[in-house]
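# Residue-level structure breakdown
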Amino acid sequence: MIFKYPQLLDKFKSKILFAFSSLLATGVDYSVFLFLVWNAFTPVNAHYISASIGMMVNFIVHNKFVFDRSRKLYIAFIMSTLVSVLGIVIGGQFLLLLQNFTILNAHPYLAKIIVSGLIFFYNFYLKRFAFEKRLV
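Below, the structure is looked at part by part. Computed from a predicted model, the values in this text were never measured in an experiment. (Residues numbered from 1 in each chain as written. Predicted model: local features only at pLDDT ≥ 70, side-chain atom pairs only at ≥ 80, totals over all residues. Heavy atoms only, no water.)

### Focus on the packing of aromatic side chains
Here is the rule: Whether two aromatic rings pair depends on their centres lying within 6.5 Å, for rings of Phe, Tyr and Trp, where Trp uses its six-membered ring; planes under 30 degrees apart make the pair stacked, over 60 edge-to-face, and the rest tilted. Strands here mean DSSP runs of E at least two residues long; helices mean DSSP runs of H or I at least four residues long; both are numbered from the N terminus. Three labels apply to residues, based on accessible area from a 1.4 Å probe with only protein chains included: buried if under 20% of the type maximum, exposed if over 50%, partly exposed otherwise in between.
Counting across every chain of the model gives nine aromatic pairs. Taking 6.1 Å as the distance between ring centres and 55° as the angle between the ring planes, the aromatic pair formed by F18 and F67 counts as tilted. In this pair, F18 is assigned in helix α1 (residues 5-38) and F67 in the loop between α2 (43-66) and α3 (73-98), connecting sequence segments 49 residues apart. Residue F18 shares its accessibility class with F67, and that shared class is buried. For F18, a relative accessible area of 1% translates into the label buried.

### Some remarks on the layout of surface pockets
Worth spelling out the cut-off: With a 1 Å grid laid over protein atoms only, a set of points is called a cavity when a 1.4 Å probe fits there but cannot get out and a pocket when it is open yet has protein on both sides within 12 Å along at least five of seven lines; lining residues have an atom within 4 Å of a point. Grid points are joined across faces, edges and corners, and a volume is the space filled by probe spheres set on the points. Note on residue classes: Ala, Val, Leu, Ile, Met, Phe, Trp, Tyr, Cys and Pro are nonpolar, Asp, Glu, Lys and Arg are charged, and everything else, Gly too, is polar.
Volume-wise, the largest pocket comes out at about 430 Å³. Around the largest pocket sit 23 residues that line it, and T26, D29, N58, S116 and N123 are the ones nearest its centre. Of all elements in the fold, only α1, α2, α3 and α5 (108-132) reach the threshold of two or more residues within the lining of the largest pocket. Here the lining of the largest pocket is built from residues that sort into 10 nonpolar, 10 polar and three charged. Contributing to the lining of the second largest pocket are D10, K13, S14, L17, F65, V66, D68, R128, E132 and R134. Only α1, α2 and α5 provide two or more residues apiece to the lining of the second largest pocket. Of the residues contributing to the lining of the second largest pocket, the split by class is three nonpolar, one polar and six charged.

### Examining the nonpolar core
Defined as follows: Nonpolar cores were defined as sets of buried Ala, Val, Leu, Ile, Met, Phe, Trp, Tyr and Cys residues, with membership established by side-chain atoms within 4.5 Å. Here a residue-residue contact requires only that any non-hydrogen atoms of the pair lie within 4.5 Å.
Listed in full, the 11 residues of the largest apolar core are F33, L36, A46, V83, L95, L98, L104, A111, V115, I119 and Y122. Of all the elements in the fold, those that place two or more residues in this core are α1, α3 and α5. Of all the elements, α5 adds the most residues to this core, at four residues. If we skip the residues at most four places from it in the chain, F33 touches P43, A46, H47, S50, L95, P108, Y109 and K112.

### Digging into the side chain of N123
Secondary-structure assignment places N123 in helix α5. Exposure remark for N123: the relative accessible area of 15% places this residue in the buried category.

### Notes on the environment of L82
With respect to the helices, strands and loops of the structure, L82 is situated in helix α3. For L82, a relative accessible area of 59% corresponds to the exposed category. Separated by 45 residues in sequence, L82 and K127 have C-alpha atoms that sit 9.6 Å apart.

### A few points about α5
The test is simple: One less than the number of residues in a helix, times 1.5 Å, gives the span that helix is expected to have. What the bend at a residue measures is the angle between two axes, fitted to the seven residues ending there and to the seven starting there.
Here α5 is 25 residues long and its end C-alpha atoms lie 35 Å apart, about the 36 Å a rise of 1.5 Å per residue gives. Most pronounced at I119, the bend in α5 amounts to some 35°.

That is the geometry; function is a separate question.
What follows is the structure, given as structure tokens:
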């Protein structure tokens with residue numbers, strides 16, 4: 001059996017690039033989130049603001065470095081924004097749910113980490129569709 005390393009690399013390349021771009025956007029998101037929480041915003045409201053800023057950073061990086069856009073820029077932007085907004089709302093609801101656990105209510109950054117992990121794959125596949133017209 002012949003091992004097809006280039007094909008394997010191609011399968012993971014976009015996920016790796018997506019992960020690195022997500023780390024950048026997540027760094028921005030978390031920095032804003034922590035700043036807002038430390039300045040008396042509720043974790044859910046801080047999430048909505050910080051995730052929206054992270055969403056814009058993500059779009060710029062995805063468009064430049066991650067996906068091979070096969071749609072017009074404005075269509076990719078609208079679709080990517082819709083995916084992100086839905087992800088932000090779902091994340092906010094998960095964050096609200098996780099606040100029922102005492103440890104996560106006392107440490108909202110832990111809840112935010114859990115939410116980010118849950119939303120990662122949702123974002124990857126639907127944003128790939130928004131930029132490249134494909135899910136897999």
